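These are the residues of each chain, in order.
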Amino acid sequence: MSDLLSTLTVVTFFPLVGALVILLLPKDRTTAIRWTALATSLVTFILSLVLLSQFQAGEAGMQLVVRAPWFRVAGWTIEYHLGVDGLSLLLVLLTTLLTVVSILSTWSAITERVKEFMLFFLLLEMGMIGVFLALDLFLFYVFWEFTLVPMYFLIGIWGGERRMYAAIKFFLYTMAGSILMLLAILWLGLAGGTFSVPDLIAQGNIPANIQFWLFLAFAAAFAIKVPMWPLHSWLPDAHVEAPTAGSVILAGVLLKMGTYGFLRFNLTLFPQAAVQLAPWVAGFAVVGILYGAAVSYAQRDVKKLVAYSSVSHLGFVMLGLFALNAQGIQGGILQMVNHGLSTGALFLIVGMIYERRHTRELEAFGGLWKVMPIYAALTLIVTLSSMGLPGLNGFVGEFTILLGAFGSEAIGSPWFAGLAALGVILAAIYMLHMFQKMFLGPVTKDENRGLKDISAREILCLVPLVILIFWIGLYPRPFFALMSPSVDRVVAALQTAALAVR
Amino acid sequence: MISHDLATVLPAGLVAGWACVLVVVDLFIPRGRKGWTALLAAAGLVAALATLLQAPALGTGPGFGGMIVADSFALFLQALFLIIGLVVVPLTVDYLRRMGIERGEYYVLLLFSLSGMMLMALAGDLVVVFLALELLSLPLYVLAGFARPRVESEESAMKYFLLGAFASALLVYGIALAYGATGSTRLEAILGSVRGGGANPRFLLVGAALILAGLGFKVAAVPFHMWTPDVYHGAPSPAAAFMSVGAKAAGFAALLRVFLSGFPELAGFWAPAAMWISAFTMAWGNVAAIAQSNIKRMLAYSSIAHAGYILMALAASAGPDLAPAAASSAVFYLLAYAVTNLGAWGVVMVVEAAEGRGLAIDDYAGLSRRRPWVALAMAVFMLSLTGVPPTVGFLAKFYLFRAVIDAPGLLWLAIVGVVTSLVSAYYYLRVVVVMYMRPGEPETRREGWLGAVIGLTAVATIVLGLLPGPVLAWAEQARLLTYLR
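Computed from a predicted structure; not experimentally measured.

Student: Run through the overall build of chain A, naming residues and quoting values.
Tutor: Counting secondary structure elements, chain A contains 20 helices and two strands. The C-alpha radius of gyration computed for chain A amounts to 22 Å, which stays within 12% of the reference 23 Å derived for 502 residues, consistent with globular compactness. Across the 502 residues that make up chain A, the buried fraction comes to 61%. Within chain A, contacts between residues separated by at least 24 positions form 81% of all contacts whose residues are at least 6 apart in sequence.

Spelled out as structure tokens, the structure:
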């Protein structure tokens, strides 16, 4: 048992402990419930820092592995199998950090049914961490599907006007992808006799034509989650209707589950198919980059604008991953983190103004800089980060991705990167358009004159994100160092596969 | 060897015998005190379960010259029936009192029907299949009409009886043809005759098709499903709950037994038939459920859909190397469905009021505020019926789909299965949406036994999903006795 109670288990299931405590608290003691939730998420975050301290950055393989048989079914041993490597470590840290920030952001936003909210939130955190750490396909699928349930409730109960529609749409879309993945998982299990991802990679004897179909089945689940164009239509609904904290987690972490899935499973389990399909995926990614950017510009609702910008940003991540070289993948991973930080912060920012004005229409604002200077300054930093200004995190990620995509043999043409670079310019246009409409010029609406600037608590939500935005922008090397050995290993396997394909 | 023969049917016999005793005892239990009858019925079931668990020591294998087959498959299913009975009795107690139909016969009929189901799992002879089918069905017809003089209940009983009689006729005709073709009704002898080349293939095939149709009625497979929504809707809820899990499991017990150990040589014909019936059942059950606004009718269509899923196992069991795993996955699915569905019917009874009120899905609005634990349990049941982890419903589907993918040429059926599961998510989630996301002031009832059953089944739904080890292992070694060449 002592083996089971290792760092990874504790990080994954600590939120469950907090959830059980909250379950025992009476529902009208909202303050106690809030503090318990915050404390739980903080401890989880600290535990994830302990995990970081135990992590050996120079090693490529899985670390801190926990592995024990869970149960047997039809000749398979389903295992409780967790591990962390350079591909997943940063995403775990991102998850634990954003959960703390999100819970802190709900202090005044969530006043109804606080107990249930915090319960679902902590359960969601457990599911997300589990997704990033699971190394058994069955276990992974359980965590993957499980995250749907709390998120469905978060959108459906605390969401906006069309919350029920958005919640069901979110659930059905995501489930539609995952059930195809389930069939592929079963197929892999029948062929390989195990669900252990490292063991399946080590076997590596899946014929190329079957890899193709399995790749597509996994991709169905992940592409919907990312979301890749043209499977993105659940995203604006879910984002706009979700409560602020839900949007932060949705954009910050849940979408990354899709890109992470591509990286962890599609690239490593089906390398030949990945090499063959890379130009197609890159093509869809580029369409997503441009489409997301164009649609963002057309939005009048700030939250929708940010939501569509995610389609564009995640297109960059996908382009980077499917460059299938070290630069592209490293840039992709870093950009996952960057997008989590900057878009998470943007949703917090939108939530703050919505709490004050109960509208998110661009037209309703203008000149807010004069009224709320601290808020405006922080927003400016986040906006610039999101559009990729050099010196901030977004630039490092997008630049590395484009570098990788330009030199990518798998994609085969520099045009993809060239078109994607247009997306950077478009991002500048729609982000600055938003900033100008909201913050610059004279104060045109009387309702905006009396707005209070953001409180210490709200500043506290944004500050850690802004610090990281600068840190990654100015000194990204430690972040790359954490991931590069693992990425190199993936790339080496992909190169072997590329030789086999040609 | 008489003692051995008797030992094979001892648990089923105990249940039937205890039912006979209870008929008399009940006469001496005053009106308004019928809880005692329930308690005695439950005690009988516990005794039968204890006897059943001693079965390996008492006697297994064929009995009565092969008419009874007490194998591990029968053991598992008999235990399942007894557990279903033990859940249905406490579900019933308060409901009957509240609806003003508290009569002791209810429990007697329940026990008779259960003994029929147990006999069904044991049947190694087509005549025993027929006897068991009647023994389990006749009490069910009465139970469906138990809420007389409510018109819906009488209509339910009448419909169930007429269509049930029709199905029985099909079955008997099928048995007669099989007998004509092979000269025996014993499964072993039928198989021997087929293998020895002495069977008339045409008659046997028509007979097998009629048997499939007759049993298809019991499990509510398309196109033999029409009775289901009306019967479930009109029958008293505990009776409908019992039918939806018990009669279905009994139907599948017979289907698997007859086709896998009696007609394995005809798999080239019945496996494709099962495949098509399964595909249409999943598709129609799930699509029609979307349109339902009454929770009992929704659960009825859902039960049709689940029959379709389990039929996939039959379609995937053509061949001696595939059949054991497929049969095990089917019985595990039946268990998972029983646990989940009984809980869901329990919640239906919490919200149901007299005169058929409180049955619309809209009546569940606000349930999460009024009765948070009941709503949470219902959410768990709905997710389990959809097949979302970490519930037992997911694990059962996982196990079942494994068998289907393993069978050659059935990938498309698995795809139909997962796509229809997605469709089902829509209507199951609608119940959750209404409970959690719509404001409302539902009238609910607080009854101790009902609450206990809901709580236990909800916990079981999750625990069996997370720690299924022993139960799965038990289902896995539930093997049908097969007759070697």
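After that view, the rundown keeps rolling.
Student: Got a sec to walk through the interface of chain A and chain B? Specific residues and values, please.
Tutor: On the side of chain B, 26 residues touch chain A, which itself brings 27 residues to the contact. Those elements that place two or more of their residues in the side of chain A that touches chain B are strand 1 (63-73), helix 5 (137-146), helix 6 (148-158) and helix 7 (163-192) of chain A. The greatest single-element share of the side of chain A that touches chain B, amounting to 14 residues, is contributed by helix 7 of chain A. In terms of residue class, the side of chain A that touches chain B is made up of 23 nonpolar, one polar and three charged.

Student: So what's going on with the packing of helix 2 (residues 30-54) of chain A against helix 4 (residues 114-133) of chain A? Which residues, and what values?
Tutor: All names here are of chain A. Where helix 2 contacts helix 4, the axes come no closer than 9 Å and their chain directions differ by 10°. Between helix 2 and helix 4, the crossing angle belongs to the class labelled roughly parallel. Here T30, I33, R34, A37, T40, S41 and T44 of helix 2 lie close against helix 4, whose contacting residues are V114, K115, M118, F121, L122 and E125. Taken together, the residues of the contact of helix 2 with helix 4 sort by class into six nonpolar, four polar and three charged.

Student: Describe the nonpolar core, with residues and values.
Tutor: Grouped together as the largest cluster of nonpolar side chains are 424 residues, with contacts concentrated most on L319(A), F322(A) and M120(B). No other element matches the 22 residues that helix 15 (residues 323-351) of chain B contributes to this core. Apart from the residues within four sequence positions on either side, M120(B) is in contact with V129(B), A132(B), L133(B), L136(B), A250(B), A253(B) and A254(B).

Student: How would you sum up unusual backbone geometry? Please name residues and give values.
Tutor: In this model, W229(A) is joined to P230(A) through a cis peptide bond whose omega is 5°. Its place among the elements puts P230(A) in the loop between helix 9 (208-225) and helix 10 (234-241). Cis geometry is adopted by the peptide bond preceding P390(B), which originates at P389(B) and carries an omega value of 5°. Checked against the element boundaries, P390(B) lands in the loop between helix 17 (372-386) and helix 18 (392-406). A positive phi angle, near 50°, is found at F64(B), a position not held by glycine. Position of F64(B) relative to the elements: it lies in the loop between strand 1 (61-63) and strand 2 (68-70).

Student: Tell me what's going on with the pairing of strand 1 of chain A, and back it up with residues and numbers.
Tutor: Regular strands show a simple pattern: their side chains alternate between the two faces of the sheet. Residues and elements named next belong to chain A. Here strand 1 runs beside strand 2 (residues 76-84); their pairing, made up of eight bridges, is antiparallel. Counted as the bridge partner of Q63 is V84 from strand 2. Hairpin connection from strand 1 to strand 2: two residues lie between these consecutive antiparallel strands, with A74 at a positive phi of about 45°.

Student: Residues and numbers for helix 17 of chain B, please.
Tutor: All names here are of chain B. In a regular helix each residue adds 1.5 Å, so 15 residues correspond to 21 Å; helix 17 covers 21 Å between its end C-alpha atoms and thus fits that length. When you tally the buried positions in helix 17, you get 12 out of 15 residues, the bulk of the element. The positive-phi residue at the C-terminal boundary of helix 17 is G387, with phi of around 100°.

Here is what the cut-offs are and how they apply
Residues numbered from 1 in each chain as written. Chains lettered and ligands numbered in written order. Predicted model: local features only at pLDDT ≥ 70, side-chain atom pairs only at ≥ 80, totals over all residues. Helix = DSSP H or I, 4+ residues; strand = E, 2+ residues; numbered from the N terminus. Rg over C-alpha atoms; globule rule 2.2 N^0.38 Å. Buried ≥ 20, exposed ≤ 12 C-beta atoms within 10 Å, placed from the backbone. Contact = placed C-beta atoms within 7 Å. Nonpolar A, V, L, I, M, F, W, Y, C, P; charged D, E, K, R; others polar. Axes fitted to C-alpha atoms, helices over the stretch in contact; angles between N-to-C directions. Parallel < 35°, antiparallel > 145°, perpendicular 65-115°, else oblique. Core = buried A, V, L, I, M, F, W, Y, C linked by C-beta atoms within 7 Å. Pairing = 2+ DSSP bridges. Expected span 1.5 Å × (residues − 1).

By themselves, these figures tell us nothing about what the structure is for.
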